[in-house]
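# Close look at the chain arrangement
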Amino acid sequence: MLDKLPKFTRNLYFLGGVIFIVWMLFFDANDFYSQYQLKSKLNDLEHQRDHYLEEIEKVKKDREALLNDKLQLERFAREKYYMKKEGEEVFIIVEENE
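Rules of the game
Residues numbered from 1 in each chain as written. Predicted model: local features only at pLDDT ≥ 70, side-chain atom pairs only at ≥ 80, totals over all residues. Heavy atoms only, no water. Helix = DSSP H or I, 4+ residues; strand = E, 2+ residues; numbered from the N terminus. Buried < 20%, exposed > 50% of the residue type's maximum accessible area, 1.4 Å probe, protein only. Axes fitted to C-alpha atoms, helices over the stretch in contact; angles between N-to-C directions. Parallel < 35°, antiparallel > 145°, perpendicular 65-115°, else oblique. Contact = heavy atoms within 4.5 Å. Nonpolar A, V, L, I, M, F, W, Y, C, P; charged D, E, K, R; others polar. Phe/Tyr/Trp six-rings, centres within 6.5 Å; stacked < 30°, edge-to-face > 60°.

### Looking at unusual backbone geometry
For tyrosine 82, which is not glycine, the phi dihedral falls at a positive 55°. Checked against the element boundaries, tyrosine 82 lands in the segment after α3 (70-81). The exposure class of tyrosine 82 is partly exposed, given its relative accessible area of 49%.

### Details of the packing of helix α2 (residues 32-68) against α3
With their axes 5 Å apart at the nearest point, α2 and α3 run at an angle of 110° to one another. By the criterion of interaxial angle, the relationship of α2 to α3 is roughly perpendicular. Residues Ala65, Leu66 and Asn68 of α2 form the contact with α3, whose own contacting residues are Lys70, Gln72, Leu73 and Phe76. Split by residue class, the contact of α2 with α3 holds 4 nonpolar, 2 polar and 1 charged.

### Here's the deal with the packing of aromatic side chains
Tallied over the entire structure, the rule returns 2 aromatic pairs. Relative to phenylalanine 27, the ring of tryptophan 23 lies with its centre 5.5 Å away and its plane at 40°, an arrangement referred to as tilted. Here tryptophan 23 pairs with phenylalanine 27, and both are found in helix α1 (residues 12-27), just 4 residues apart, close to one helical turn. Taking relative accessible area as the criterion, tryptophan 23 reaches 48% and is therefore assigned partly exposed. Residues phenylalanine 76 and tyrosine 81 carry aromatic rings whose centres are separated by 6.1 Å and whose planes lie at 80° to one another, so their mutual orientation is edge-to-face. The exposure class of phenylalanine 76 is partly exposed, given its relative accessible area of 35%. Overall, tyrosine 81 belongs to the exposed group, its relative accessible area being 52%.

Have a look at this one:
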């Protein structure tokens, strides 16, 4: 039966190499599937990082605008925190979605 196999496949180094490659590809902790999962997780984290960096830039611009412009600060306080001047009344209109 071994005579039917090509001669190089009977070499112990070849068999050891094939066993090692199969082990590394399918059974090791760093197999193909694990590497694929780690790569996709890395891509997701990089996209999240980019998103949060953009959000940080937006917040920095808004902060600078609020610190430098009194009218913008007053508008922000009225809209976001429902603040009012003395003697004013604030009416909040809530839209109902049906």
